[in-house]
Amino acid sequence: MTTQVGAVRRDYRAPRSLSDPRPLGRGLLRTLTALCFLAPALTILILFVASPMLAALRTSFFSSSGFGPETFVGGANYARIFQDPLLVKAMGNTAIYAALFTPVAVVVALLVALVVADERLPFRGLLRSALFLPFIVSLAVAAFAWGFLLDPQLGLLNYWLRGLGIRLGNVLQDPVLAMPTVVLVAVWKSFGFYMVVFVAGLQDIPRSLYEAARVDGAGALRRFRSVTLPLLNNTLTFVVIFALIAALQAFDQIYVLTQGGPLHATDTVVTEIYQSGFKELDLGIASALSYVLLGATLLLSLIQFALGSRREKDLAS
Amino acid sequence: MTAALARTLRPRHPWARPSSWILFVLALIGVAVVVLPILIIVLTAFKPTAEVNAFPPSLLPKAWTLDNFAVIFQQLPFARLILNSFVFAGGVTLLALLFDSLAAYALARIDFTGSRLLLVLIIASLMIPFQATLVPLYQLVAGFGWVNSFAALIIPRAADAFGIFFLRQFFLALPRDLDNAARIDGASEFRIFRSVILPNALPALLTLGVFTFVNNWNDLLWPLVFTNDQEMATITSGLTLLTGPSGIVPYGPLMAGALIALTPLAILFVIVQRRFVASIATSGLK
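What counts, and where the lines are drawn
- Each chain carries its own residue numbering, running from 1 in the written order of its sequence.
- Labels are handed out in written order, letters beginning with A for the chains and numbers beginning with 1 for the ligands.
- In keeping with the predicted nature of the model, local features appear solely for residues at pLDDT of at least 70, side-chain atom pairs appear and are counted solely at 80 or more, and the whole-chain, interface and lining totals rest on all residues.
- A run of DSSP states H or I qualifies as a helix once it reaches four residues; a run of E qualifies as a strand once it reaches two. Both are numbered from the N-terminal end.
- Counting other C-beta atoms within 10 Å of a residue's own tells you its class, since 20 or more makes it buried, 12 or fewer makes it exposed, and anything in between is partly exposed; those C-beta atoms are placed from the backbone.
- Contact between two residues is assigned when their C-beta atoms, built from the backbone, lie within 7 Å.
- Inter-axis angles, ranging from 0 to 180 degrees, are taken between N-to-C directions of lines fitted to C-alpha atoms, where helices are fitted over the stretch in contact.
- For this classification, under 35 degrees means roughly parallel, over 145 means roughly antiparallel, 65 to 115 means roughly perpendicular, and everything else is oblique.
- Should the near helix be turned anticlockwise from the far one by less than a right angle, the crossing is left-handed, and should it be turned clockwise, the crossing is right-handed.
- Just so you know the grouping, Ala, Val, Leu, Ile, Met, Phe, Trp, Tyr, Cys and Pro go in nonpolar, Asp, Glu, Lys and Arg go in charged, and all remaining residues, Gly too, go in polar.
- Take the buried Ala, Val, Leu, Ile, Met, Phe, Trp, Tyr and Cys residues, join any whose C-beta atoms are within 7 Å, and the set you get is a nonpolar core.
- Where each domain starts and ends follows an automatic or database-derived domain assignment.
- As a per-residue quantity, pLDDT reports the predictor's confidence and falls between 0 and 100.
- A helix is expected to span 1.5 Å multiplied by its residue count minus one.

Attention now moves to the overall build of chain A. In terms of helices and strands, chain A carries 12 helices and 2 strands. From first element to last, N terminus to C terminus, chain A shows the α and β order α-β-β-α-α-α-α-α-α-α-α-α-α-α. Relative to its 317 residues, chain A shows a buried fraction of 44%. Looking at chain A alone, contacts between residues at least 24 apart form 70% of all its contacts between residues at least 6 apart.

If you want it as structure tokens, here you go:
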């Protein structure tokens, strides 16, 4: 889970005035009180987030099966994940997945948002809710439904497309088409979320700008290019980075539909973490892969953070 | 010129303009694509096996049946899976709301040493994808002897950096006068938290709660890792057991299970959707 971390506000401190009932010099008591409030959450976060993170870092430099002795291997695990053809392929696949998912999901979400944010559209609220519906469907369940629709013998979608002269065949067994198919399932599930974010962004654009552009004789395309896109730029950047981070974590629909196949065409970093960590019990490799995932996510988050604080500065000035 | 301006400014009935119709048709096409998989789940769930496996396939069942639901309750301990999903998603939601709001209160309202550093650390941990900690987390949880128990499913998620951050932002926006008045009356910090802050933060708690519940209910990897006993699977992870390695997929029962999996969320969504969608839009919640 990520958020617009760039949007953190400066801590608001109320000015210490005469009406402040807290006497000075009771800092220790306040710190102790705060600790009481923080204790349950901090215990959980330290024990189940921070300590596993450090343990994974350590394990990534060891050869370990989870049982018996571990051997220190230095950077050998990291060297291996960049040499082993299957692991290189999994990382490449994650990049391909991200490169397919992000533009498709973002463009679809933006186009749909333009339609449902338009004030001329009747039943806007209802249509928006209907389009958002897949967000509450789990990726696994979505994958079952799409798997059935695309089934080469029983699938309704396959049958309809054949009527139009398009023969898809068994897309999930096709090394070229399997990846676009698992991406499609993810786009179906998540575009509604990005759509809602875009609609909010679109509603923040002052209508007077559109009216002014219209008076100046700008057509619909021109208004989109010269008013909508520049003013939606920040929202767009954030949605793109959200989508990239989500793409790095691809797992559920792949596990359901292809199990990483055919011929490892849909193996991703997370399916490999699962495979090496829980099936092959090669914990060193799983941990090194975890750090690759973490590194990529951090990089994207930092970009987001930097852009966010730049935006804050822009707004402040 | 003035006439044109007047025309653009005058509000008109939405159906009066052709552009409204074009937009409406475009939106309906979108809705059709979005709804098709959900429709196929609902309709297939009530189709007899012979029709599910018939060629050519059809959208609507000719005869409606509940057989698929009977099958899924025979092949899987499905009542147990439903219970597991509710206990897991509900347990995580309740504990996380409690612990997150307590921590958020300290960060938003108590001026203590190190609060800024702590906030930075919490924001930093927001960026850690849970998939990256899964292997050592499993070892830790296994060390506690928690595998195949609700403890494994719930406790590691009983607090969440995102929830703390989200609630802190909301608490900061609540007027300080509220709690200062209570403080003058001699109320303790916990009392202020319980009687002043929490009641005023209900919308934020509701949004975060729905979000947490849906996320956990739908999660596949988490229950897959921490449970390997069918009796402890959730609906989401249990359904994957139906497909099996044979390659033959029993679509009828699978869709019946899928329908059961998404019904509680659909009901929840209908109840809260307006506020939920609005708050996602404003908070950048993900």
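Moving on from the coordinates now.
Turning our eyes to something else, we now look at the overall build of chain B. The secondary structure content of chain B amounts to 15 helices and 0 strands. Looking at chain B as a whole, 43% of its 286 residues are labelled buried. In chain B, the proportion of contacts linking residues at least 24 apart, taken out of those at least 6 apart, comes to 72%.

This part takes up the packing of helix α5 (residues 78-109) of chain B against helix α9 (residues 161-173) of chain B. Residue and element names in this part refer to chain B. Close contact between α5 and α9 brings their axes to 8 Å; oriented N to C, the two are set at 50°. By the angle between their axes, α5 is oblique relative to α9. Classified by chirality, the crossing of α9 by α5 is right-handed. Contacts between α5 and α9 pair Ala96, Asp100, Ser101, Ala103, Ala104, Tyr105, Leu107, Ala108 and Arg109 from the former with Gly163, Ile164, Leu167, Arg168, Phe171 and Leu172 from the latter. Per-class residue counts for the contact of α5 with α9 are 10 nonpolar, 2 polar and 3 charged.

The interface is formed by 93 residues belonging to chain A together with 88 residues belonging to chain B. In terms of residues, the side of chain A that touches chain B owes the most to one element, helix α1 (residues 27-59) of chain A, which gives 19 residues. Its residues placed into classes, the side of chain A that touches chain B shows 65 nonpolar, 18 polar and 10 charged.

A few words on the nonpolar core. Grouped together as the largest cluster of nonpolar side chains are 171 residues, with contacts concentrated most on Tyr194 and Met195 of chain A together with Ala103 and Ala258 of chain B. Formed jointly, this core draws a minimum of three residues from each of two domains, domain 1 (12-69) and domain 2 (77-283) of chain B. Leave out the neighbours within four places in its chain, and Ala258 of chain B touches Val141, Phe144 and Ala145 of chain A together with Ile41 and Leu239 of chain B.

Next up on the list: the confidence of the model for chain A. The predicted structure's coordinates, where accompanied by low pLDDT, should not be read in detail. When pLDDT is averaged along chain A, the result is 87, and 90% of the positions lie at 70 or above. Taken together, the stretch residues 14-19 of chain A has pLDDT below 50 and engages in 1 contact with residues farther than four places along the chain or on a different chain.

When the parts of a complex come together, some accessible area is lost, and that lost area is often used as the size of the interface. Residue and element names in this part refer to chain B. Entries for chain B in the domain assignment read domain 1 (12-69) and domain 2 (77-283). The C-alpha centroid of domain 2 is placed 32 Å from the C-alpha centroid of domain 1. Taken together, the contact pairs 9 residues of domain 1 with 7 residues of domain 2. At the level of secondary structure, the elements contributing two or more residues to the side of domain 1 that touches domain 2 comprise α2 (18-45), α3 (49-52) and α4 (67-75). Here the side of domain 1 that touches domain 2 gets 4 residues from one element, more than from any other, and that element is α2. Grouping the constituent residues of the side of domain 1 that touches domain 2 by class yields 5 nonpolar, 3 polar and 1 charged.

Time to look at unusual backbone geometry. The amide bond that connects Gly261 of chain A to the next residue, Pro262 of chain A, takes the cis arrangement and shows omega of -15°. Among the secondary structure elements, Pro262 of chain A is positioned in the loop between α10 (252-257) and α11 (269-279). The omega torsion of the bond from Phe55 of chain B to Pro56 of chain B falls at -5°, within 30 degrees of zero and hence cis. Unusually for a residue other than glycine, Leu263 of chain A sits at a positive phi of about 55°. Position of Leu263 of chain A relative to the elements: it lies in the loop between α10 and α11. For Leu281 of chain A, which is not glycine, the phi dihedral falls at a positive 50°. Of note, Leu281 of chain A is situated in the loop between α11 and α12 (283-316).

Moving on, we come to helix α11 (residues 189-200) of chain B. Look at α11 of chain B: 15 Å from first C-alpha to last across 12 residues, which is about the 16 Å you get at 1.5 Å a residue. In this structure, the buried residues of α11 of chain B make contact with α1 of chain A together with α5, α9 and α10 (176-184) of chain B.

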